[in-house]
Amino acid sequence: MVHKVAVVTGGASGLGKGIAERLGKDGFKLVISDVNQKFLDDTQKEFINKGYEVITLKGDVSIQKDQQLLAQTALNNFGRLDVWVNNAGIESVVPFSDITQEQLEKVFAIDVFSVVYGIQAAAEIMKTQDGIGKIINACSIAGHESYEMLATYSAAKHAVRSLTVAAAKEYAKHNIRVNSYCPGVAATSMWDRVDAAMAKEYGWQPGEALQKFSAGILCGRTEEPADVGNIVSFLASSDSDYITGQSILVDGGMVFR
Ligand SMILES: NC(=O)c1ccc[n+]([C@@H]2O[C@H](COP(=O)([O-])OP(=O)(O)OC[C@H]3O[C@@H](n4cnc5c(N)ncnc54)[C@H](O)[C@@H]3O)[C@@H](O)[C@H]2O)c1
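Treat the numbers as computed from the prediction; the structure is a model and nothing was measured.

Caption draft 1: Representation of the overall build of the protein chain. Regarding its fold elements, the protein chain presents eight helices and seven strands. Its C-alpha atoms give the protein chain a radius of gyration of 17 Å, within 12% of the compact-globule value 18 Å for 257 residues. Looking at the protein chain as a whole, 49% of its 257 residues are labelled buried.

So this is what it looks like as C-alpha cells:
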C-alpha cells in the first residue's frame, strides 16, 4: 500500500491541528508547518505518541520560499505529496475607519498570498505524479458573507474563494483538485482574539461576542476542530474526486449559499 502524504500549514494548533490529527488517523504521513516552534514541538510529540508518522518544519506561509521549502521537505522525506492544506491564517478586527496599510498588507500576505504560494508549491510536485492531487484552502463564512469590524478579513477570505476557482480551472488538466472549507465560529485562540477586540470596541463582556455570533447556529453549538477535520478528510479522500473549485460551508448552519 502506498502511504499518502499530507502537508498542513498552521497545523500545530487550532483548526489546523484538528485537521492534521484527522489526516493522521486516516493514514496520511504528515508534514506540519507553523510559525510557532513550541506548538510544533508539542504537537509532534503528541502525534508520535498517538502513532502518526509526522515531521515538522518552522516556516511562514506568507514567504514564498518557505512554502517551496515545505513542499520540497515533504517530497525529500516521504517521496511524494498528495494533499496540501493551506490552513494558516490570521484575523483582523478593527472598525473600517481604522484600517491601516500595514494591517491590510499583513492580513493579505498571511491569508491570501500564502494560498497562492502554497498552491504553486504543491502543484509543481503534484503535476509530476500519478493519481489525483488535492489542494485544500482555509476559507470562512467570511468568504461568503462580509462582517462589520472584519472588512479586511472578509475581503481576504473572498479572495481565497476566488483563487480556489481559478486554480481549480488551471490545474484540472494536471489532475489536481482545488477546494476550500469554510468554517463558522470555532473557539480557537483566533476567536479569543476576535472576542477581546470586539469587547474592547463595543464595551462588551469577555465571551459576549462569541456568544452573540454563535447564538443562531442551527446545530446549537460552536464548531470543533474535529468538525473541520471531517470535511478536510472528505476533500482529501477519493470520495471527493468529482468535486473541484468549491468553497464548502461547514458552519453548523449559519450562512446559506
Ligand atoms: N476559528 C474560527 O472560527 C475560524 C472560522 C473560519 C475560518 N477560520 C480559518 O481557519 C484557519 C485556522 O484558524 P484557527 O482558528 O485555527 O487559528 P489560530 O490562530 O487558532 O491558529 C492558527 C495557527 O496558524 C499559525 N500561524 C499563524 N500565522 C502563520 C504564518 N504566517 N505562517 C505559518 N503559520 C502561521 C499559528 O501559529 C497557529 O498555530 C485560518 O485560516 C482561519 O482564518 C477560522
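Caption draft 2: Here's a closer look at the domain arrangement of the protein chain. Partitioning the protein chain into domains gives domain 1 (5-184 + 224-244) and domain 2 (187-222). On a C-alpha basis, the centres of domain 1 and domain 2 stand 24 Å from each other. Contact with domain 1, which involves 15 residues of that partner, is made by twelve residues of domain 2. Its largest share of buried area at the contact with domain 2, domain 1 owes to Glu91, Val93 and Met149, together 43% of the area lost on that side. Measuring nitrogen to oxygen at the nearest pair gives 2.7 Å for the salt bridge that ties Glu91 to Arg193. If you look at where domain 1 meets domain 2, you find three residue pairs in polar contact (both at pLDDT 80 or more).

Caption draft 3: Fine view of the side chain of Asn87. Positionally, Asn87 belongs in the loop between β4 (83-86) and α4 (101-126). Leaving out residues up to four positions away in the same chain, Asn87 has contacts with Val8, Thr9, Gly10, Leu15, Gly16, Ile19, Ala138 and Tyr181.

Caption draft 4: How the structure looks around the packing of helix α1 (residues 14-25) against helix α8 (residues 225-236). It is the contact of α1 with α8, at a shortest axis distance of 8 Å, that shows an interaxial angle of 50°. By the angle between their directions, the pair α1 and α8 is classed as oblique. Handedness of the α1/α8 crossing: right-handed. Here Gly14, Leu15, Gly18, Ile19, Arg22 and Leu23 of α1 lie close against α8, whose contacting residues are Pro225, Val228, Gly229, Asn230, Val232, Ser233 and Ala236. Looking at side-chain class alone, the contact of α1 with α8 contains seven nonpolar, five polar and one charged residues.

Caption draft 5: Representation of the site of the ligand within the structure. In the vicinity of the ligand lie 29 residues, with Ser13, Asp34, Tyr153, Ala186 and Thr188 positioned nearest. Within the contact set of the ligand, an oxygen atom lies 2.8 Å away from a backbone nitrogen or oxygen of Leu15. One of the backbone N or O atoms of Asn87 is found 2.8 Å from an oxygen atom in the ligand. Of all the secondary structure elements, the ones that give two or more residues to the shell around the ligand are α1, α5 (151-171) and α6 (189-202). In terms of residue count, the dominant contributor to the shell around the ligand is α6 (four residues). Along the lines of polarity and charge, the residues of the shell around the ligand split into 14 nonpolar, eleven polar and four charged. Two domains share the shell around the ligand, each providing at least three of its residues, namely domain 1 (5-184 + 224-244) and domain 2 (187-222).

Caption draft 6: Focus on the packing of aromatic side chains. Under the definition given, this model contains four aromatic pairs. Aromatic side chains Phe47 and Tyr52 sit 5.3 Å apart centroid to centroid with 80° between the ring planes, which places their arrangement in the edge-to-face category. Its relative accessible area of 0% is what places Phe47 among the buried residues. Taken together, a centroid distance of 4.6 Å and an interplanar angle of 35° make the contact between Tyr202 and Trp204 tilted. The class for Tyr202 is partly exposed, based on a relative accessible area of 32%. Judged by relative accessible area, Trp204 falls into the partly exposed class, the value being 23%. Grouped by ring-pair contacts, the aromatic residues Tyr147, Trp191 and Phe213 constitute a single cluster.

Caption draft 7: Representation of the packing of α4 against α5 in the model. Relative orientation of the contacting elements α4 and α5 amounts to 15°, with a least axis distance of 10 Å. Here α4 lies roughly parallel to α5, going by the angle between them. Classified by chirality, the crossing of α5 by α4 is right-handed. For the pair α4 and α5, contact is made by Gln103, Leu104, Val107, Phe108, Asp111, Val112, Val115, Val116, Ile119, Gln120 and Ala123 and by Thr152, Tyr153, Ala155, Ala156, Lys157, Ala159, Val160, Leu163, Ala167 and Tyr171, respectively.

How each quantity is defined
Residues numbered from 1 in each chain as written. Predicted model: local features only at pLDDT ≥ 70, side-chain atom pairs only at ≥ 80, totals over all residues. Heavy atoms only, no water. Helix = DSSP H or I, 4+ residues; strand = E, 2+ residues; numbered from the N terminus. Rg over C-alpha atoms; globule rule 2.2 N^0.38 Å. Buried < 20%, exposed > 50% of the residue type's maximum accessible area, 1.4 Å probe, protein only. Domains from an automatic or database assignment. Contact = heavy atoms within 4.5 Å. Buried area = accessible area lost by both parts, 1.4 Å probe. Salt bridge = Lys/Arg side-chain N within 4 Å of Asp/Glu carboxyl O. Polar contact = N/O pair within 3.5 Å; in protein donor to acceptor, adjacent residues only side chain to side chain. Axes fitted to C-alpha atoms, helices over the stretch in contact; angles between N-to-C directions. Parallel < 35°, antiparallel > 145°, perpendicular 65-115°, else oblique. Left-handed = near helix turned anticlockwise from the far one by under 90°. Nonpolar A, V, L, I, M, F, W, Y, C, P; charged D, E, K, R; others polar. Near = heavy atom within 4 Å. Phe/Tyr/Trp six-rings, centres within 6.5 Å; stacked < 30°, edge-to-face > 60°.

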